[in-house]
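Next come the chains, spelled out residue by residue.
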Amino acid sequence: MRRVGRRLLPLLFALFVCNYVDRTNVAMAALQMNRDLHFSGTAYGLGTGIFFLGYALFEVPSNLVLARMGARLWIARIVISWGLVASAMMLVRTPAQFYALRFLLGVTEAGFFPGIVYYLSQWYPTARRARAMSRFVIAAPLAAAFGNPLSASLLGLDGRLGLRGWQWVFLVEGIPSVLLGVVVLAMLTDSPAQARWLSDAERTWLVERLRRDDEASAAPAGDHPLRALAQPVIWLLSLAYFLRLTTGYAYLFWAPSIVRDSLHATSVATGLITALIACLAAAGQLAVGFSADRRGEHALHAAGCVMLCAIGCVGAALLPTPVARVASLALVHVGEQSFSVGFWCLPSLLLRGGAAAAGIAFVNSVGNLGGFVGPYTAGWFQDATGSTRGALLVLALPALLSALLCLVLRRVATAARVRR
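Predicted, not measured: the structure shown is a model, and the values here were computed from it.

Quick word on the overall build of the chain
Next, step 1: Tallying secondary structure elements over the chain gives 18 helices and zero strands in all.
Next, step 2: In terms of overall dimensions, the chain is globule-like: its C-alpha atoms have a radius of gyration of 21 Å, near the 22 Å expected for 420 residues.
Next, step 3: For the C-alpha atoms alone, the extent of the chain along its principal axes is close to 60 × 45 × 35 Å.
Next, step 4: In the chain, buried positions account for 59% of the 420 residues.
Next, step 5: Total accessible area on the chain is roughly 16,100 Å²; 67% of this is exposed by carbon and sulfur atoms.
Next, step 6: Distance between charge centroids for the chain: 4 Å, based on 35 positive and 19 negative side chains.

Points about the side chain of S87
Next, step 1: Residue position: S87 is located in helix α4 (residues 71–88).
Next, step 2: Side-chain polar atoms of S87 contact the backbone oxygen of L171, separated by 3.1 Å.

Things to note about the packing of aromatic side chains
Next, step 1: A complete count under the given rule lists 21 aromatic pairs for this structure.
Next, step 2: Between the aromatic rings of F16 and Y20, the centroid separation amounts to 6.2 Å while the plane-to-plane angle is 80°, which identifies the pairing as edge-to-face. You can see F16 and its partner Y20 sitting in helix α1 (residues 2–24), four residues apart, about one turn around the helix.
Next, step 3: Judged by its relative accessible area of 6%, F16 falls in the buried class.

Some details on the confidence of the model for the chain
Next, step 1: Chain-level statistics for the chain give a pLDDT mean of 86 and a share of 94% at 70 or above.
Next, step 2: Averaged pLDDT values over the elements of the chain bottom out at 70 in helix α15 (residues 346–350) and peak at 94 in α4.

Comments concerning the nonpolar core
Next, step 1: Counting 135 residues, the largest nonpolar core has I75, F112, F113, F136 and F343 as its most contacted members.
Next, step 2: Setting aside residues no more than four positions away along its own chain, F113 makes contact with F16, Y55, F136, V137, Y241, W344 and N364.

Considerations on the packing of helix α13 (residues 298–318) against helix α14 (residues 322–343)
Next, step 1: Contact geometry of α13 with α14 gives a least axis separation of 7 Å together with a crossing angle of 160°. Considering their axes alone, α13 and α14 lie roughly antiparallel with respect to each other. Note that α13 runs across α14; the crossing there is left-handed. Within the contact between the two elements, α13 uses H298, A302, C305, V306, L308, C309, G312, C313, G315 and A316 and α14 uses R325, S328, L329, L331, V332, V334, G335, E336, S338, F339, G342 and F343.
Next, step 2: Of the residues assigned to the contact of α13 with α14, the class counts are 13 nonpolar, seven polar and two charged.

Quick notes on helix α3 (residues 41–69)
Next, step 1: If you check α3, its first and last C-alpha atoms are 42 Å apart, about what 29 residues at 1.5 Å a residue would give, namely 42 Å.
Next, step 2: Along α3, the largest kink reaches about 45° and is centred on E59; proline P61 follows within four residues of it.
Next, step 3: Among the residues of α3, the N-terminal cap falls to S40, whose side-chain oxygen and the backbone nitrogen of A43 are separated by 3.1 Å.
Next, step 4: Remark: G70 follows α3 within two positions and exhibits a positive phi of approximately 105°.

A few points about α14
Next, step 1: For α14, built from 22 residues, the straight-helix expectation of 32 Å at 1.5 Å per residue is met to within 8% by its first-to-last C-alpha distance of 32 Å.
Next, step 2: The buried fraction of α14 amounts to 17 of the 22 residues, a majority that puts the element mostly inside the structure.

Comments concerning the side chain of T189
Next, step 1: Relative to the elements of secondary structure, T189 occurs in the loop between α9 (165–187) and α10 (200–216).
Next, step 2: With a relative accessible area of 8%, T189 lands in the buried category.
Next, step 3: In terms of polar contacts, T189 uses its side chain to reach the side chain of W197, at 2.8 Å.
Next, step 4: With residues up to four places along the chain from it excluded, the contact list for T189 reads R7, Y119, W123, Q194, A195 and W197.

Considering the packing of helix α7 (residues 126–137) against α14
When two helices pack together, their arrangement is given by the angle between their axes and by how far apart the axes lie.
Next, step 1: Their axes nearest at 8 Å, the elements α7 and α14 cross at an angle of 145°. Considering only the axes of α7 and α14, their crossing is right-handed. Contacts between α7 and α14 pair A130, M133, S134 and V137 from the former with Q337, S340 and V341 from the latter.
Next, step 2: Partitioning the contact of α7 with α14 into residue classes produces four nonpolar, three polar and no charged.

Let's talk about the environment of W235
Next, step 1: Topologically, W235 is positioned in helix α11 (residues 232–263).
Next, step 2: Classification of W235 by relative accessible area gives partly exposed; the value is 47%.
Next, step 3: Along the primary structure W235 and L180 are separated by 55 residues, whereas in three dimensions their C-alpha atoms are 34 Å apart.
Next, step 4: What W235 contacts, discounting residues up to four positions off in sequence, is L229, A230 and F362.

About the cut-offs
- Numbers given for residues are sequential positions, taken from 1 along each chain in its written order.
- Given that the model is predicted, a residue must reach a pLDDT of at least 70 before its local features are reported, and side-chain atom pairs must reach 80 or more before they are shown or counted; all residues, however, enter totals for whole chains, interfaces and linings.
- Only heavy atoms go into the side-chain values, all of them from the structure, while hydrogens and water stay out.
- In this text, helices come from DSSP runs of H or I with a minimum length of four residues, and strands from runs of E with a minimum of two, each type numbered from the N-terminal end.
- The atom set for the radius of gyration is the C-alpha atoms, and the globule formula is 2.2 Å times the number of residues raised to the power 0.38.
- For every residue, the accessible area obtained with a 1.4 Å probe (protein chains only) is divided by the maximum for its type, and the residue is called buried under 20%, exposed over 50%, and partly exposed between those limits.
- To be clear on the numbers: accessible area is Shrake-Rupley with a 1.4 Å probe, and residue cover counts the displayed protein chains and nothing else.
- Asp and Glu are treated as the negative residues and Lys and Arg as the positive ones, with His and the ends of the chain left uncounted.
- In this description, the location of a charge corresponds to atom NZ of lysine, CZ of arginine, CG of aspartate or CD of glutamate.
- Think of a polar contact as two N or O atoms within 3.5 Å of one another; within protein, one of them needs to be a possible hydrogen donor and the other a possible acceptor, and neighboring residues in sequence only count if both atoms come from side chains.
- Aromatic pairing here means that ring centres of Phe, Tyr or Trp (its six-membered ring) are within 6.5 Å. Orientation follows from the plane angle: under 30 degrees is stacked, over 60 is edge-to-face, and everything else is tilted.
- Each residue carries a pLDDT value, the predictor's own confidence for that position, ranging from 0 to 100.
- Nine residue types can take part in a nonpolar core, namely buried Ala, Val, Leu, Ile, Met, Phe, Trp, Tyr and Cys, and a core is a set of them joined through side-chain atoms within 4.5 Å.
- Whether two residues are in contact is decided by their heavy atoms: any pair within 4.5 Å suffices.
- Every angle, taken between N-to-C directions, lies between 0 and 180 degrees, and every axis is a line fitted to C-alpha atoms, over only the stretch in contact when it is a helix.
- Note on terminology: angles under 35 degrees are roughly parallel, angles over 145 are roughly antiparallel, angles of 65 to 115 are roughly perpendicular, and the others are oblique.
- By the definition used in this description, the sense in which the near helix is turned from the far one sets the handedness, with an anticlockwise turn below a right angle giving left-handed and a clockwise turn giving right-handed.
- As a working rule, the residues Ala, Val, Leu, Ile, Met, Phe, Trp, Tyr, Cys and Pro are called nonpolar, Asp, Glu, Lys and Arg charged, and the rest polar, with Gly in that last group.
- Here the expected length of a helix is defined as 1.5 Å per residue gap, with one fewer gap than residues.
- At any given residue, the bend is defined as the angle formed between two axes, one fitted to the seven residues that end at that position and one fitted to the seven that begin there.

Right, dumping it as structure tokens:
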């Protein structure tokens, strides 16, 4: 398993860093772009959120293609195409162009995250899956820790070669994705049975261990991939993820502006503060991954994390001092990022085979609609009230409901194991 980890996880980590930077760097670019292009809070919120409409529409088809074609070719296609669109964001001049390219970025990225979640379930036994997941999803907060200061420094190139700073952000940060797409073609292996970089004994052990996990699963065998989407547990998972992302993406796209305005910080200081918060979130993910595997309590850990997110929203809205509000904002990010570690172990425990591929994609696609609702809600509240405090209070509610649904899912998983 150490050999598997060394082969797969660094590459998957790097891909997710680029994925996260390319979908969220608009938050730092907005520090200049909104002023240059005269975008209102509502227009910016709609543009950031519309990404998730394109993303949601193509998630399930993309994961079904991946399950049939194999991860190597399909992940390479996804990564190269989103990198090209991410760089093309530098050409935006009007709100309509902003909406169109953000929508297209969602279309090209569709299937990446659920594809990797499904892919990891094909390589890691159940008892090791949360730790592997934590070492993959840790890329998201670390991408913010690396990406926000990088974006801030690229904003400092304002005027070089006739380009605005925000244009440099989009141009430079899209290129690594294209290059990594080529690396995927050379490095990724579709399944353990094809892993010639494992010895015969290692390969046989891993295939047999995964087979035993599959036979011991509480999930029904032989479900048609699309028929699995009608199962109530899929809708519970989807709703819990939607509610978490409603709050989480509101944080991601508005945190730099909230930090800057609360502390009257420069762009560079804002990038460093949000980077520090992201490092705390990464530490939280590793701790949750270790604890969830050791205790076998993935749903309970997810519930606790998203509850922390709700508490952070309330504190960021109501605490009296700017430093206390920013500290509470950090709890939002730590909670919503750590949630993913335990949560994404649940679909592969409740579904098998092609049904797992379709189910994971469906949960991610429906859930990511929260990425449209959250930023748009925050933008609307800012325009209507002149402050994001009201939005933060409203966004605490979906986080709280997500925690309650995770507890329901815990009971569902326990009942399924008992029936088995």
